[in-house]
Amino acid sequence: MLLMPLLLAMAAQPANPVVPLWDGKAPHAVGDSDADKPSLKVFKAEKPNGCAVVVCPGGGYGFLADDHEGKQVAEWLNTLGVTAFVLKYRIVTKDRPGPLHPAPLTDAQRALKLVRLKAKDYGIDPNRVGIMGFSAGGHLASTAATHFDLGLGNGNAIDNMSSRPDFAILAYPVISFDDAVTHKGSRNNLIGANADAKLIEHYSNEKQVTKATPPVFIFHTSADTAVVPENATRFYVACKKAGVPVEMHIYEKGRHGVGLGRDPRWTGGEKSVATWPDRLADWMKARGLFEVKK
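Parameters and conventions
- Residues numbered from 1 in each chain as written.
- Predicted model: local features only at pLDDT ≥ 70, side-chain atom pairs only at ≥ 80, totals over all residues.
- Heavy atoms only, no water.
- Helix = DSSP H or I, 4+ residues; strand = E, 2+ residues; numbered from the N terminus.
- Rg over C-alpha atoms; globule rule 2.2 N^0.38 Å.
- Buried < 20%, exposed > 50% of the residue type's maximum accessible area, 1.4 Å probe, protein only.
- Contact = heavy atoms within 4.5 Å.
- Areas by Shrake-Rupley, 256 points an atom, 1.4 Å probe, with all protein chains shown as cover.
- Lys, Arg positive; Asp, Glu negative; His and termini not counted.
- Charge placed at Lys NZ, Arg CZ, Asp CG, Glu CD.
- Salt bridge = Lys/Arg side-chain N within 4 Å of Asp/Glu carboxyl O.
- Phe/Tyr/Trp six-rings, centres within 6.5 Å; stacked < 30°, edge-to-face > 60°.
- Lys NZ or Arg CZ within 6 Å of the ring centre and 35° of its normal.
- Core = buried A, V, L, I, M, F, W, Y, C linked by side-chain atoms within 4.5 Å.

### Quick word on the overall build of the protein chain
Next, step 1: For the protein chain, the helix and strand inventory stands at 10 helices and 8 strands.
Next, step 2: Computed over C-alpha atoms, the radius of gyration of the protein chain comes to 19 Å, within 12% of the 19 Å expected from 2.2 N^0.38 for 294 residues, which places it in the range of a compact globule.
Next, step 3: Oriented by its inertia axes, the alpha-carbon framework of the protein chain measures out at about 70 × 45 × 35 Å.
Next, step 4: Across the 294 residues of the protein chain, 53% fall into the buried class.
Next, step 5: Long-range contacts, defined as pairs at least 24 residues apart, comprise 74% of the intrachain contacts of the protein chain with a sequence gap of at least 6.
Next, step 6: When the accessible surface of the protein chain is split by element, carbon and sulfur atoms take 54% of a total near 13,400 Å².
Next, step 7: Across the protein chain, the centroid of the 35 positively charged side chains sits 3 Å from that of the 30 negatively charged ones.

As structure tokens, this is what we get:
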């Protein structure tokens, strides 16, 4: 007789629960619309190994490509034993006009802190929490990897968590806000069309790499004309100069926005890019990110 209520309770729980980043109004909110309520959608691995990744879909800071750069990516990570959290960060909408700065970075930092705070609940090793981003989400991920705190020490449990990711995965990322290579839509949405030079440099993440930047994996394609691969190469060179472990794969073919490279709706039928997730899995395994800790 007790089994039926338990089964009903289990059925009522969503497969991928959504967790708000703040209980109340988020910092830098301009209103009370859904656009100003950042959150994480949780994708738990069936056989978790303790590794976790916060996934940042792309969309030029103007929308979120949360299927092929969010849900599909989280489900693939789950097959590796990685628990994934798809981040709904602040973007420009009619209810939440730009410029967005500093809200998206605040969201990413909060997400990393929250995952660490709840690590025990999710079966996660707090020292194996990474961030992954695509396109403008790659800009956000690279910003989180170069602009972080190690805990604010203010007595607040979540703020005392580190916002430094333990590794970063950047897929065809926007990196620089330099006119020569940037994706101007992303830059304008984040900091405005008339941002001053200091803010442009602040968010040109190739200029913010230090020896404290975590290990980085980069994927891009030479054929990408929306976000040119010079963004990736600039970040790679900066990591090399700073002594940051970095691996980069630039494929000859493949348009912008291929996601995992395995869905023809996004690849346009180009099959060569389908192997890049395998290279990523090899890199993660080699770094010991899949080792089940006892």
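### What to know about the pattern of salt bridges
Next, step 1: For the structure shown, the criterion picks out 17 salt bridges.
Next, step 2: One salt bridge connects D32 with K37, and the closest N-O pair in it is separated by 3.9 Å.
Next, step 3: Among the residues examined, K37 registers a relative accessible area of 41% and is labelled partly exposed.
Next, step 4: Across the pair R234 and E206 runs a salt bridge, and its minimum N-O distance is 3.6 Å. Here R234, found in helix α8 (residues 230–242), pairs with E206, found in the loop between α7 (197–202) and β7 (216–221); they are 28 residues apart in sequence, far enough to count as distant.
Next, step 5: Where salt bridges share partners, they join D36, R90, R96 and D107 into one cluster.

### Quick notes on the packing of aromatic side chains
Next, step 1: This model, assessed by the stated rule, comprises 11 aromatic pairs.
Next, step 2: Here F219 and W276 contribute two aromatic rings whose centre-to-centre distance is 4.4 Å and whose plane-to-plane angle is 5°, an arrangement assigned as stacked. With F219 in strand β7 and W276 in helix α10 (residues 276–286), the pair connects residues that are 57 residues apart, well separated along the chain. An identical accessibility class is assigned to F219 and W276; each is buried.
Next, step 3: Ring pairs connect the aromatic residues F134, F167, Y172, F217, F219, Y251, W276 and W283, which therefore count as one cluster.
Next, step 4: A cation over a ring is seen here: R164 above F148, with NZ or CZ 6.0 Å from the ring centre.

### Describing the nonpolar core
Next, step 1: L40, V54, F85, L87, I131 and V216 are the most contacted members of the largest nonpolar core, which has 52 residues in total.
Next, step 2: Here this core gets 6 residues from one element, more than from any other, and that element is helix α3 (residues 103–117).
Next, step 3: The residues touching V216, leaving out its near neighbours within four places in the chain, are A168, L170, F235, C239, V244, P245, V246, E247 and W283.
Next, step 4: Counting residues in hydrophobic clusters, the runner-up holds 30 residues, among them I169, Y251, W276 and L289.

In short, the description is geometric, and any link to function would need to be established separately.
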